[in-house]
Amino acid sequence: MFVEAGHFALALALGLSLIQFVVPLWGARANDPVLMSVGRATGLAVFACIAFAFMALTIAYVTSDFSVVNVVENSHSAKPLIYKISGVWGNHEGSMLLWVLILALCGAVVALARNSIPLRLQANTLAIQGAITIAFLLFILLTSNPFTRIVPAPAEGQDLNPLLQDPGLAIHPPLLYIGYVGFSISFAFAIAALIDGRIDAVWARIVRPWTLGAWAFLTLGIAMGSYWAYYELGWGGWWFWDPVENASLMPWLAGTALLHSTVVMEKRDALKVWTILLAILTFSLSLLGTFLVRSGVLTSVHSFAVDPERGTFILVILILFIGGSLALFAWRAPLLKQGGLFAPVSRESALVVNNLFLATACATVLIGTLYPLALEVVTGEKISVGPPFFNFTFLPLIIPLLLLLPLGQTLAWKRGNFLGTAQRLYMVFGISLVVTMAIFAFEHGGPVAAPLGIGLGVYLVLGSFNEIVARSWSRGTPLAVAWHKAANLPRSTWGAVLAHAGVGLTVIGIAATAWGVEGLATVRVGDRIKAGDYEARLERVVPRMEANYRDDVAVFTIFRQGRELGSLESMKRLYVTRGMPTTEAGIMTVGLGQVYVSLGEVAADGSVGVRLYHKPLVLLIWIGSLVMALGGGVSLMDRRLRIGAPVRAKMVPAAAVPAE
Amino acid sequence: MVIWIILLLMTAAAVMAVLWPLSRHRTPTAEQLDPDTQFYREQIAEIERDRERGVLLASEAEAAKAEAGRRLLRATGMMADASATLGEPALRRRRAASTLALSVIPIIALALYGAYGSPQLLTHPPRERAEGQQGSLDLVTAVSQIEAHLAQNPQDGRGWEVVAPVYLRMGRIEDAVKAYEAAVRYLGPSADRLSNYGEVMVLAKDGLVSSEAQKVFEQAVELDNTSPKARYYLAVAAEQDGRLDKAKQAYADLLASSPEGAPWAEVVKQRLAGLGVAQPVVAGQENAPQIGADDIARMVSGLAERLETQGGSPDEWARLIRSYAVLGQHDKARATVERARQVLAQDDAGLKAIDATARELKLTDAGP
């Protein structure tokens, strides 16, 4: 009964979003506040309906109602409760339902903002949000319905894909989707501004929290996905430049650019048209990501050609929204009033440079992701564009960006002074250089990339905190006063500093992977395998039964330079329903690095193929991402207005202390 | 009935969500009408606070304030036009919007739900589901207990024999094959045990009686020449091999020696009918749910067409060959073997798989 009511609620939500699209738009044109206010009511009602539908599907999963095809295909009554719940979005249909649920949630939050958003902007925004909801509800109801029933119901389900039965999967998609879909609000606001022909600092102030929140969640989602791939796939890698990963990286890059240009717009009333374009592009890339992941086009262009219904549908949505919004942009953008001016050397210009680098980097990833698909469509040849391509194109774009980052952060608004800025950073630069040399001298023989990369990371972290020091301390200031001043700085400043320092930590973690060592051997009980300073001894292999899988557990004792560190378990797991094996890597954290043991085949005579890795500082990759997202959160907490105090034209002595 | 009332209430609530704001008069606040002025006033206040807290220097604060002041001046006079809440046009708009909501929401919801929903399940909820589910939960616990026991005592043939049919019911056919094999090994052969073992082997091969399965059935018949299951599958094997007379004879003998109302009689009669032997139609038989021969033929020809036009994996070719063999169309099966060999000429592993299938089906010898 719940299932059918949920299905009906989804159909109701479609009707309501149609009203949400038409009536507020009409109201905004006729300047009728009553019609405009319909947007708010429908926004909330759509959310209520979709939330009910989602709850109905969740109930079907939790109670193992095998009269629902989706539950049969992705659940099993012996599965632990948490995977019954996460199974709701562990499949195509359910994940699309989660997508629209988050979409509707964002719409409801916009609708609830009573006084902080101008009425017309709110009405137009909700109307655009309604249009997106219509497209995706139609997609779900017509091509990917999670509420399809089967009679008679089978006695048992086919279980969830074992790779997905993991706590990582339980949180990764929701985080990622909040990120993707959060950008839909920035997009809706941008289109609303284009429709109304008005865009100003007020607009930027309203959009900033959305962009910031979406960006922070996307950062967490990507980091979570990367960590999940690292420990679940058993290859020990953390980023594969896989199209699915690229699909989430592209909106992140564009979103990072958007975040920075929104700041310029709010503080300085400049870069308006560019910000609008970025908002459109960011959401377009989110849609493209959804298309790549959901249409099946990645597994094979041919599988897409054989069963094209879903893919074509998303493709139409893609063309409609991207094409429509870009056409609207081309038509309306010239009408927008240009804002504040700034000198070539200024914080504004630095942020423009940041945007250009990020946009270009994003374009490289886009080409690397789509080129193989295009080639396969045209010639039928299947190639894969892997790390070599991205290392050659992406890194040269990102490294200069990172080198310029602390400089840009130190420049003054409106008119900057390059020399003065460089002077303020010489300490930071010096320390980083010393660190690099020291590591190089100490670790002689290792790869050159590692000390250089770590030096860059140290430079970024120090450069970020230099901002705080410069603004709260100058020669002769007592420490207590400086401390008080630093604590008094706006939280938005602290947020930016944390986020940039997080980038530095991630860079250090990535650079340190060059020091990783690996050992590969077939061992029997009592044998040892070696990787660098680390050794693992196989103690025993024991079978273990769980409700829906069985494990071969290999217990290892780990040694460093002969000293025992402890023991870890690495597993070869077989999920009985699907007959599918997975590896569960055994991981031991030593400081910020990790010892990683992955099992190969267990032979009949008891010998086991084992890979042993030692990955120094590897945790910094994800800790850095967490710090980045934390920075976003801290900045989000800051409800105050953002002020960028300009430097006046007459006063530009070299030693002047630039503002903010 | 109750469910229809719930759906009706849901629709009513959705429509009300639209009608409610339409029925209210509200005047927008000053902030909503003129957000810009408000924004720059707040910004100037913020600059003042920052200066007091010492975050901004006095000179910086002055510069920032001057700029915000300039923008404030520009923003005044851009106030939004007075809103149109009153008068005849506004009323007409409201009525039109209400009509839209009253019609669009129920029509779309009912049309889509009617097309894709399963409202018939609402009035006749599948009650047996609930019981079946309870049963399956118990089953799973029971199976895991037996499995744990067998992991400790793998030589307990009785345990394997108990768990095997349960595996079959749960769809774990490979496990069922292994379990019966263990049961035969530890408890020794008996006609029943062997014929059950053979049956799961047949099921594991999608209905094909492989040569190994045939040996198992032959052994069962040696032990007890009345075993109906073994005799039935041996007849099926004969039919697959194209020895149709032998198959007919075997089916007829089986039917003759079966007691009145034996559960397998229907199946055997259908088999005989398929071989062209007329059978008296038993009342009610035509209502029995079954997949018609036409459906099977259509599925097979669909597969054949797809493989011919788009190609396919060696496994798919093998499946097509098997399907023809099971249907008794040996000429086509042999032709398909030839065709598959041509298509897969470049694929050594594929060729081996096709040859193995052909050998298994005894298609390699000339003539039936």
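Residues numbered from 1 in each chain as written. Chains lettered and ligands numbered in written order. Predicted model: local features only at pLDDT ≥ 70, side-chain atom pairs only at ≥ 80, totals over all residues. Heavy atoms only, no water.

## Considering the overall build of chain A
- If you tally the helices and strands in chain A, you get 19 helices and nine strands.
- Here the C-alpha radius of gyration of chain A, 27 Å, is about what a compact globule of 660 residues would show, namely 26 Å.
- For the C-alpha atoms alone, the extent of chain A along its principal axes is close to 85 × 70 × 55 Å.
- A total of about 24,800 Å² of accessible surface is found on chain A, and carbon and sulfur atoms cover 69% of it.
- Looking at chain A, you have 45 positive and 37 negative side-chain charges, and the mean spots of the two groups are 15 Å apart. (Helix = DSSP H or I, 4+ residues; strand = E, 2+ residues; numbered from the N terminus. Rg over C-alpha atoms; globule rule 2.2 N^0.38 Å. Areas by Shrake-Rupley, 256 points an atom, 1.4 Å probe, with all protein chains shown as cover. Lys, Arg positive; Asp, Glu negative; His and termini not counted. Charge placed at Lys NZ, Arg CZ, Asp CG, Glu CD.)

## Quick notes on the sheet that holds strand 3 (residues 534-545) of chain A
Residues and elements named next belong to chain A.
- One open sheet holds the five strands; their spatial order is 2-3-4-5-6, and the pairing between them is antiparallel. Edge positions in the open sheet fall to strand 2 (528-531) and strand 6 (580-584), since each of these has one partner strand only. Strand-to-strand, the axes of this sheet are offset by a mean angle of 25 degrees, without reference to chain direction.
- Here strand 5 (residues 563-575) pairs with strand 6 via five bridges, running antiparallel. Residue Arg573 lies in a different strand from strand 6, and its bridge partner there is Thr582. (Pairing = 2+ DSSP bridges. Axes fitted to C-alpha atoms, helices over the stretch in contact; angles between N-to-C directions.)

## Examining the pattern of salt bridges
- This model, assessed by the stated rule, comprises 24 salt bridges over all chains.
- Residue Asp551 of chain A is joined to Arg573 of chain A by a salt bridge in which the shortest nitrogen-to-oxygen separation is 2.8 Å. Pair noted here: Asp551 of chain A is in strand 4 (residues 549-560) and Arg573 of chain A is in strand 5, with a separation of 22 residues, a long-range link. Across the pair, exposure class does not vary: Asp551 of chain A and Arg573 of chain A are buried alike.
- Measuring nitrogen to oxygen at the nearest pair gives 2.6 Å for the salt bridge that ties Arg51 of chain B to Glu48 of chain B. Of this pair, Arg51 of chain B and Glu48 of chain B are both found in helix 3 (residues 35-53), three residues apart, which corresponds to roughly one turn of the helix.
- A residue is classified by how much of its surface remains accessible, and Arg51 of chain B, at 35% relative accessible area, is partly exposed. (Salt bridge = Lys/Arg side-chain N within 4 Å of Asp/Glu carboxyl O. Buried < 20%, exposed > 50% of the residue type's maximum accessible area, 1.4 Å probe, protein only.)

## Concerning the domain arrangement of chain A
All names here are of chain A.
- One can read the domain layout of chain A as domain 1 (1-165), domain 2 (166-399), domain 3 (417-514 + 622-637) and domain 4 (517-615).
- Domain 1 and domain 2 are separated by 23 Å when their C-alpha centres are compared.
- If you look at the interface, domain 1 gives 40 residues, while domain 2 gives 37 residues.
- In total, domain 1 and domain 2 occlude about 3,400 Å² of area from one another, counting both sides; carbon and sulfur atoms represent 77% of this.
- Scanning the region where domain 1 abuts domain 2 turns up one salt bridge.
- Note that Asp196 and Arg120 form a salt bridge whose closest N and O atoms lie 2.8 Å from each other.
- Those elements giving two or more residues to the side of domain 1 that touches domain 2 turn out to be helix 4 (81-86), helix 5 (92-112) and helix 6 (119-143).
- Residue contributions to the side of domain 1 that touches domain 2 peak at 14 residues, all from helix 6. (Domains from an automatic or database assignment. Contact = heavy atoms within 4.5 Å. Buried area = accessible area lost by both parts, 1.4 Å probe.)

## Points about the packing of aromatic side chains
Residue and element names in this part refer to chain A.
- According to the stated counting rule, one finds 23 aromatic pairs over all chains in the structure shown.
- When the ring of Phe54 is compared with that of Trp89, the centres are 6.4 Å apart and the planes differ by 10 degrees; the resulting orientation is stacked. Taken together, the positions of Phe54 in helix 2 (residues 33-62) and Trp89 in the loop between helix 4 and helix 5 put the pair 35 residues apart, joining distant regions of the chain. Each member of the pair Phe54 and Trp89 is classed as buried.
- Ring centres 5.2 Å apart and planes at 70 degrees place the aromatic pair Tyr227 and Tyr231 in the edge-to-face group. Of this pair, Tyr227 and Tyr231 both sit in helix 8 (residues 201-232), four residues apart, roughly one helical turn. (Phe/Tyr/Trp six-rings, centres within 6.5 Å; stacked < 30°, edge-to-face > 60°.)

## Here's the deal with the interface of chain B and chain A
- On the chain A side, the residues contacting the 71 residues of chain B number 81 residues.
- Approximately 6,500 Å² of surface area, both sides summed, lies buried where chain B meets chain A, with 65% of it carried by carbon and sulfur atoms.
- Linking chain B with chain A are one salt bridge.
- One salt bridge in this structure joins Asp32 of chain A and Arg93 of chain B, with 3.0 Å as the shortest N-O distance.

## Regarding the domain arrangement of chain B
- Entries for chain B in the domain assignment read domain 1 (2-116), domain 2 (135-188), domain 3 (205-280) and domain 4 (293-360).
- Each of domain 2 of chain B and domain 4 of chain B has a C-alpha centre, and the two are 34 Å apart.

## Considering helix 8 (residues 157-170) of chain B
All names here are of chain B.
- In this model, helix 8 (14 residues) spans 20 Å end to end at C-alpha, consistent with the 20 Å of a helix rising 1.5 Å per residue.
- Among the residues of helix 8, those classed as buried are Gly157, Gly159, Trp160, Glu161, Val163, Ala164, Val166, Tyr167 and Met170.
- The first or second residue beyond helix 8 is Gly171, which carries a positive phi of 85 degrees. (Expected span 1.5 Å × (residues − 1).)

## Notes on helix 3 of chain B
Residues and elements named next belong to chain B.
- Between its terminal C-alpha atoms helix 3 stretches 27 Å, which fits the 27 Å expected from 19 residues at 1.5 Å a residue.
- Taken residue by residue, helix 3 has Pro35, Asp36, Thr37, Phe39, Tyr40, Gln43, Glu46, Ile47 and Asp50 as its buried positions.
- Once helix 3 ends, the next one or two residues include Gly54, with phi positive near 85 degrees.

## Brief notes about the pairing of strand 7 (residues 586-590) of chain A
Residues and elements named next belong to chain A.
- Residues Gly586, Met588 and Val590 of strand 7 are buried on one face, while the alternating residues Ile587 and Thr589, pointing to the opposite face, are not.
- As paired strands, strand 7 and strand 8 (residues 593-602) are joined by five bridges and run antiparallel to one another. The residue bridging Met588 from the neighbouring strand is Val595, located in strand 8.
- Between the end of strand 7 and the start of strand 8, which pair antiparallel, lie two residues, with Gly591 showing a positive phi angle near 65 degrees.

## Some remarks on the sheet that holds strand 7 of chain A
Residue and element names in this part refer to chain A.
- The sheet built from four strands is open, its strands ordered 1-9-8-7 with antiparallel pairing. The sheet is open, and its two edges are formed by strand 1 (517-523) and strand 7, each paired on a single side. Direction aside, the axes of adjacent strands within the sheet are offset by 15 degrees on average.
- Contacting strand 7, strand 8 and strand 9 (608-615), helix 8 runs over the sheet at an angle of about 45 degrees to strand 8.

## Some words on empty space enclosed by the protein
- By the definition in use, this model includes six cavities of 30 Å³ or more.
- Within this model, the largest cavity holds a volume of roughly 140 Å³.
- Lining the largest cavity we find 16 residues, and of these Ala547, Asn548 and Val576 of chain A together with Glu147 and Arg172 of chain B sit closest to its centre.
- Of all the secondary-structure elements, those providing two or more residues to the lining of the largest cavity are strand 4 of chain A together with helix 7 (127-152) of chain B.
- For the lining of the largest cavity, the element with the most residues is helix 7 of chain B, which contributes four residues. (1 Å grid on protein atoms, 1.4 Å probe; cavity = no way out; pocket = protein on both sides within 12 Å on 5 of 7 lines; lining within 4 Å. Points joined across faces, edges and corners; volume = space filled by probe spheres on them.)

## A short note on the confidence of the model for chain A
- Per-residue pLDDT for chain A averages 86, and the proportion of residues at 70 or more is 96%.
- Predicted confidence for residues 651-660 of chain A stays below pLDDT 50, and this span has 22 contacts to residues more than four positions away or in other chains. (pLDDT = per-residue confidence, 0-100.)

## Topic: the side chain of Glu46 of chain B
- Position of Glu46 of chain B relative to the elements: it lies in helix 3.
- Since its relative accessible area comes to 4%, Glu46 of chain B is described here as buried.
- When near neighbours in sequence (up to four residues on either side) are disregarded, Glu46 of chain B contacts Arg640, Leu641 and Ile643 of chain A.

## Concerning a nonpolar patch on the surface
- Taken together, the side chains of Val62, Leu81 and Ile85 of chain A present a nonpolar region at the surface, about 220 Å² in accessible area.
- Summarising the element assignment, Val62 of chain A is placed in helix 2. (Patch = residues over 30% accessible without salt bridge, like charges linked within 9 Å, V, L, I, M, F, W, Y side chains within 5 Å.)

## Some remarks on unusual backbone geometry
Residues and elements named next belong to chain A.
- Here the phi dihedral of Gln561 falls at roughly 45 degrees; this positive angle occurs in a residue that is not glycine.
- On the secondary structure map, Gln561 appears in the loop between strand 4 and strand 5.
- Positive phi, normally seen in glycine, also occurs at Leu617, with a value near 60 degrees.
- Here Leu617 is to be found in the loop between strand 9 and helix 19 (619-637).

## Observations regarding the packing of helix 13 (residues 244-257) of chain B against helix 14 (residues 265-274) of chain B
Residues and elements named next belong to chain B.
- Between helix 13 and helix 14, the shortest axis-to-axis distance is 10 Å and the interhelical angle comes to 150 degrees. Relative to helix 14, the element helix 13 lies roughly antiparallel. Relative to helix 14, the crossing made by helix 13 is left-handed. Facing helix 13, whose interface residues are Lys248, Tyr251, Ala252, Leu254 and Leu255, helix 14 presents Ala265, Val268, Lys269, Arg271 and Leu272.
- Here the contact of helix 13 with helix 14 is built from residues that sort into seven nonpolar, no polar and three charged. (Parallel < 35°, antiparallel > 145°, perpendicular 65-115°, else oblique. Left-handed = near helix turned anticlockwise from the far one by under 90°. Nonpolar A, V, L, I, M, F, W, Y, C, P; charged D, E, K, R; others polar.)

## Quick look at the nonpolar core
Residue and element names in this part refer to chain A.
- Ranked by size, the top nonpolar core spans 177 residues in total, and within it Trp99, Phe189, Trp203 and Ile276 carry the most contacts.
- A total of 18 residues in this core trace back to one element, the largest contributor, which is helix 8.
- In contact with Ile276, not counting residues within four places along its chain, are Ala190, Ala193, Leu194, Ile199, Trp203, Phe329 and Leu336. (Core = buried A, V, L, I, M, F, W, Y, C linked by side-chain atoms within 4.5 Å.)

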